Each structure stands twice: as structure tokens, then as C-alpha cells.
Amino acid sequence: YMGSSIMLEVSWWFVIKCLLIAWLGFKVYKLFIREWIYIAYYWRQGFPLDDYFPLIGGFWRQISDEKKYGDCSFTPKEQVRRDPEKRIRVSTNLGNVDLMLLDPVLVDEFYKVATTHYEKERTMIANFLRVIGEGIVFQEGERWKLHRKILSSAFDFSNLRKMAPIVREVVDEHFQTMSQQPLNRIKIMNEFQKMTGDIVLRTFFGRNFSQLSLDGKPLTLFLADFLAAVALQPLKNPLSFLFGGEKSPVN
């Protein structure tokens, strides 16, 4: 009986080690090997890799551009400026290959079939789902069509025309404020975020929120920074690359 017990114990450890090795092998394949298979595939299609960084890939370039130039899209914009004929930008992301469509014709074709042929990457939007729920932005298939049908009336041309005075009022207010500051101290992306937020809040709630602040920032800018932090949170937690982003805590 003792011999049988030892063999059973060894067998269990052997099974556990095999499962662990298989799991690690799957993660290595998913995060590294599969990535290069995709890279080779698109290379053969005539779309060579533009940017590579292990694991976080294109997000590293965006963070770097934001810190260096104050614009997370600086690199693709510069590529288009240098090569107006460039149609697609190829980079990596969490074991996948990201294709950024630069050609308006390709963008138009993509949106014609987006809801039937493509799904949103769940890993990077998991925190958004936990914070703001599954609205139309994160829905798929029939539920997306239902949400779109419900919301479409709000964006009817007659309703959009009614919003024009609000848009003009908000833009005039912000440009008046900016005109009183030195140009080299204006962070234009922050101003655009504040203008967009003010238009949305004033349209839906009928109130001017531009004077409200939270944590020392204008309310709309605070919300924009909060959503940006939610989007980047999985990148700050290395475990999310192995176990997924759904359980990553929001700080």
C-alpha cells in the first residue's frame, strides 16, 4: 500500500507539472510565437512591420509619443506625412498584430463589414466594461444594432441642427478663455477634451459644467484623464498579460 501511495503522489505531481508546462507553453505561443506567425503573414501580403516591442507593442509607441511630443498619434501622423501613399500601419499588441488603417477607402470598407466580421479585443476594454458598463461602444452583433437603433433618433439631422448653437457657444467660450493665455502655455489636446465634454454635458443635462472641478481639474478633463488611466491600467499590471484584464483592479 505504501508503494502505491508513493506512486500516486508522484503521479499527481507529474500531472501538475505537465499541466503547468502546457499552460506556460500555450502562453508563450499566444504572446510570442503566434505574433510572429501573424507578422510573417502580413509581410507576405505586402505590409511589413512598422513597430515592434514585446508584449505591449504599439501601446509603448503611443506612451512614448505622448511623453516626447504630447501626441500619442505622432508617429503614424509622421509616417503619413512622409509617405502619403501608405495605406496601413502594422504594429504588435499582446501577441496579436494591430493594423491601423490610414487609407480612407480602407476605413470606409472596414466599417461596412465591421459588425459582422470583427469583434472588439476584450483584454484591453475589460476595465472599461467594469467602470462604465456595456454601452453601444462595447456591444457586438444584434445588441449593438438594437442600441444603435435606440440612439439613432438622438442624432437625427434636425436634432443635430438644434445642437449647433450650443456647440458654437461652448467653442466661443473656450476660445475666449484661450485668447487670454500665452500660446506656448496652451495644451491644445486638453482644450479639445474640455470643449467636447462641455458640449456633451450641456446638450444632455442643459447645464454649464465648465466651472466645476474635481481633484483640482475641470470636470470634463478629469473624466478624460480617468478614462485614459482605466485604459492604460492593464499595461501597468504584468499579471494581466498572463491572466487577462477582467480581474485587474482599478486604482
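Numbers given for residues are sequential positions, taken from 1 along each chain in its written order. In keeping with the predicted nature of the model, local features appear solely for residues at pLDDT of at least 70, side-chain atom pairs appear and are counted solely at 80 or more, and the whole-chain, interface and lining totals rest on all residues. Side-chain metrics rest on all non-hydrogen atoms present in the structure, leaving aside hydrogens and water.

1. Considerations on the overall build of the chain
To keep it simple, the criterion reads: What counts as a helix is a DSSP run of H or I of at least four residues, what counts as a strand is a run of E of at least two, and both are numbered from the N terminus. Here's how the labels work: a residue is buried when its accessible area is under 20% of the maximum for its type, exposed when over 50%, partly exposed in between, all with a 1.4 Å probe on protein chains only. Residue contacts follow a heavy-atom distance rule, with two residues in contact if any of their heavy atoms lie within 4.5 Å. For every accessible area listed, the method is Shrake-Rupley and the probe measures 1.4 Å; residues are considered covered only by the protein chains on display.
A count of helices and strands for the chain gives ten helices and four strands. The order of helices and strands in the chain, counted from the N terminus, is α-α-α-β-β-α-α-α-α-α-β-β-α-α. Split into buried and exposed, the 251 residues of the chain put 25% on the buried side. In the chain, once contacts between residues fewer than 6 apart in sequence are set aside, the share between residues at least 24 apart is 51%. Summing over all exposed atoms, the chain offers an accessible surface of approximately 18100 Å²; the carbon and sulfur share of this is 63%.

2. Regarding the pairing of strand S2 (residues 96-101)
To keep it simple, the criterion reads: For two strands to be treated as a pair, DSSP must find at least two bridges joining them.
Of the pairings in the sheet, the one linking strand S1 (residues 88-93) to S2 comprises six bridges and is antiparallel in character. Counterpart to Arg 89 in the pairing with S2 is Met 100. Hairpin connection between S1 and S2: a loop of two residues separates the two successive antiparallel strands, and Leu 94 in this loop has a positive phi of roughly 50°.

3. Here we look at the pattern of salt bridges
Note the following rule: A pairing counts as a salt bridge when a side-chain nitrogen of Lys or Arg comes within 4 Å of a carboxyl oxygen of Asp or Glu.
Tallied over the full model, the rule gives ten salt bridges. Measuring nitrogen to oxygen at the nearest pair gives 3.2 Å for the salt bridge that ties Glu 78 to Arg 82. Remark: Arg 82 and Glu 78 occur in helix H3 (residues 74-82); sequence separation between them is four residues, near one turn of the helix. Take Glu 78: its relative accessible area is 17%, and that puts it in the buried class. Beyond isolated ion pairs, a larger network of salt bridges with shared partners links Asp 51, Arg 61 and Arg 89.

4. Focus: the packing of aromatic side chains
We count it as follows: Here the aromatic set is Phe, Tyr and Trp, taking the six-membered ring for Trp, and pairing holds for ring centres within 6.5 Å; pairs whose planes are under 30 degrees apart are stacked, those over 60 apart are edge-to-face, and all others are tilted.
Per the stated rule, a full pass over the model turns up five aromatic pairs. Where Phe 53 meets Trp 60, the ring centres are 4.7 Å apart and the plane angle is 10°; that geometry is what we call stacked. By relative accessible area, Phe 53 is classed as partly exposed at 32%. For Trp 60, a relative accessible area of 43% translates into the label partly exposed. Arranged with centres 3.7 Å apart and planes meeting at 15°, the rings of Tyr 69 and Phe 74 form a pair that is stacked. What makes Tyr 69 partly exposed here is its relative accessible area of 40%.

5. Comments concerning helix H7 (residues 157-178)
As a reminder of what qualifies: Here the expected length of a helix is defined as 1.5 Å per residue gap, with one fewer gap than residues. Bend, in this description, refers to the angle at a residue between axes fitted to the seven residues ending there and the seven starting there.
With 22 residues, H7 extends 30 Å from end C-alpha to end C-alpha; this agrees with the ideal 32 Å at 1.5 Å per step. Met 163 marks the point of greatest bend in H7, at about 35°, and the proline Pro 165 comes within the next four residues. Of all the positions in H7, only Val 170, His 174 and Met 178 are classed as buried. Contact partners of the buried residues in H7: helix H8 (188-205).

6. What about the pairing of S1?
Looking down a regular strand, the side chains alternate between one sheet face and the other. Where burial is concerned, most of S1 is hidden: six out of the six residues are buried. The alternating pattern of S1 places Ile 88, Val 90 and Thr 92 and Arg 89, Ser 91 and Asn 93 on opposite faces, both of which are buried.

7. Considering the packing of H7 against H8
To be explicit about the condition: In this description, a line fitted to the C-alpha atoms serves as the axis of each element, helices being fitted only across the stretch in contact, and the angle between N-to-C directions of two axes falls anywhere from 0 to 180 degrees. Here is the rule for handedness: rotate from the far helix to the near one, and if that takes an anticlockwise turn smaller than a right angle the crossing is left-handed, while a clockwise turn gives right-handed. When residue character is reported, Ala, Val, Leu, Ile, Met, Phe, Trp, Tyr, Cys and Pro are called nonpolar, Asp, Glu, Lys and Arg charged, and the others, Gly included, polar.
Where H7 contacts H8, the axes come no closer than 10 Å and their chain directions differ by 145°. For the pair H7 and H8, the crossing hand works out as right-handed. Residues Met 163, Ile 166, Val 167, Glu 169, Val 170, Val 171, Glu 173, His 174, Phe 175 and Met 178 of H7 touch H8, and the partners they reach there are Ile 188, Glu 191, Lys 194, Met 195, Asp 198, Ile 199, Arg 202 and Thr 203. Broken down by class, the residue content of the contact of H7 with H8 amounts to ten nonpolar, two polar and six charged.

8. Some details on the environment of Val 80
Within the element layout of this structure, Val 80 appears in helix H3. Relative accessible area serves as the criterion here: at 32%, Val 80 is assigned to the partly exposed category. Spatially, the C-alpha atom of Val 80 lies 7.7 Å from that of Leu 102, the residues being 22 residues apart in sequence.

9. Some remarks on a nonpolar patch on the surface
Counted only if it meets this: Nonpolar side chains (Val, Leu, Ile, Met, Phe, Trp, Tyr) are joined into patches within 5 Å and like charges within 9 Å, using only residues with over 30% relative accessible area and no salt bridge.
Nonpolar side chains collect at one region of the surface, where Phe 26, Val 28, Tyr 29, Phe 32, Ile 33, Trp 36, Ile 37, Tyr 38 and Tyr 52 lie side by side and expose about 820 Å² of accessible area between them. Structurally, Tyr 38 can be placed in helix H1 (residues 2-44). We classify Tyr 38 as partly exposed; its relative accessible area is 31%.

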